[in-house]
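Here is how the chains run, residue by residue.
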Amino acid sequence: MATVELTTANFDEVTSQDGTVLVDFWASWCGPCVRFAPIYERSSEKHQDIVFGKVDTEAQQELAAKFDIRSIPTIMAIRDGVIVFAQPGALPESALESLIEQVQALDMEDVRKKLAAHNH
């Protein structure tokens with residue numbers, strides 16, 4: 001699956017589904033974003049079971065503000081509707097693959113319990 005453009009109109013619908021969604025917050029004027037794009041694209045071809053979304057922070061300023069994106073690229077991982085990772089900086093391909101493995105291996109029941117405990 002190729003990457004999906006995420007906007008304020010479809011972001012919640014796409015990211016609230018079961019499964020893993022990776023989000024790349026980027027902009028066309030950002031050098032590291034442009035260099036990271038082919039890595040992200042290759043990874044999306046390898047992992048057909050994951051949604052790879054891209055948010056153009058120039059066109060989607062509301063989304064960038066909602067998630068307090070201050071540095072791009074920022075990679076966010078969402079699993080079963082829960083944000084489990086968010087970090088600025090372009091990742092080398094090996095680090096992106098490692099992140100995907102870690103997110104896929106999460107025990108989401110455990111993650112939800114920890115979130116519930118943290119929010120009380």
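Provided above is the structure to which this section pertains.
Presented here is a report on the structure given in the accompanying data block. (Residues numbered from 1 in each chain as written. Predicted model: local features only at pLDDT ≥ 70, side-chain atom pairs only at ≥ 80, totals over all residues. Heavy atoms only, no water.)

## Topic: the side chain of Thr 57
Move 1: Along the chain, Thr 57 turns up in the loop between strand S3 (51-56) and helix H3 (61-66).
Move 2: Classification of Thr 57 by relative accessible area gives buried; the value is 10%.
Move 3: If near-sequence neighbours (up to four positions away) are discounted, Thr 57 is found in contact with Phe 25, Trp 26, Ala 27, Ala 64 and Ile 72. (Helix = DSSP H or I, 4+ residues; strand = E, 2+ residues; numbered from the N terminus. Buried < 20%, exposed > 50% of the residue type's maximum accessible area, 1.4 Å probe, protein only. Contact = heavy atoms within 4.5 Å.)

## A closer look at the packing of aromatic side chains
The way to describe two aromatic rings as a pair is by their centre distance and the angle between their planes.
Move 1: In the structure shown here, the tally under the stated rule is 4 aromatic pairs.
Move 2: Ring geometry for Phe 25 versus Phe 67: centroids 6.1 Å apart, planes at 55°, classification tilted. One end of the pair, Phe 25, is in strand S2 (residues 20-26); the other, Phe 67, is in the loop between H3 and strand S4 (74-79), and 42 residues separate them in sequence.
Move 3: Ring centres of Phe 36 and Tyr 40 lie 5.6 Å apart, and the angle between their planes is 45°; this geometry places the pair in the tilted category. With Phe 36 and Tyr 40 both in helix H2 (residues 31-46) and 4 residues apart, this pair spans about one turn of that helix. Exposure class is identical for Phe 36 and Tyr 40. Each is buried.
Move 4: Taken together, the ring pairs connect Phe 11, Phe 25 and Phe 67 into an aromatic cluster. (Phe/Tyr/Trp six-rings, centres within 6.5 Å; stacked < 30°, edge-to-face > 60°.)

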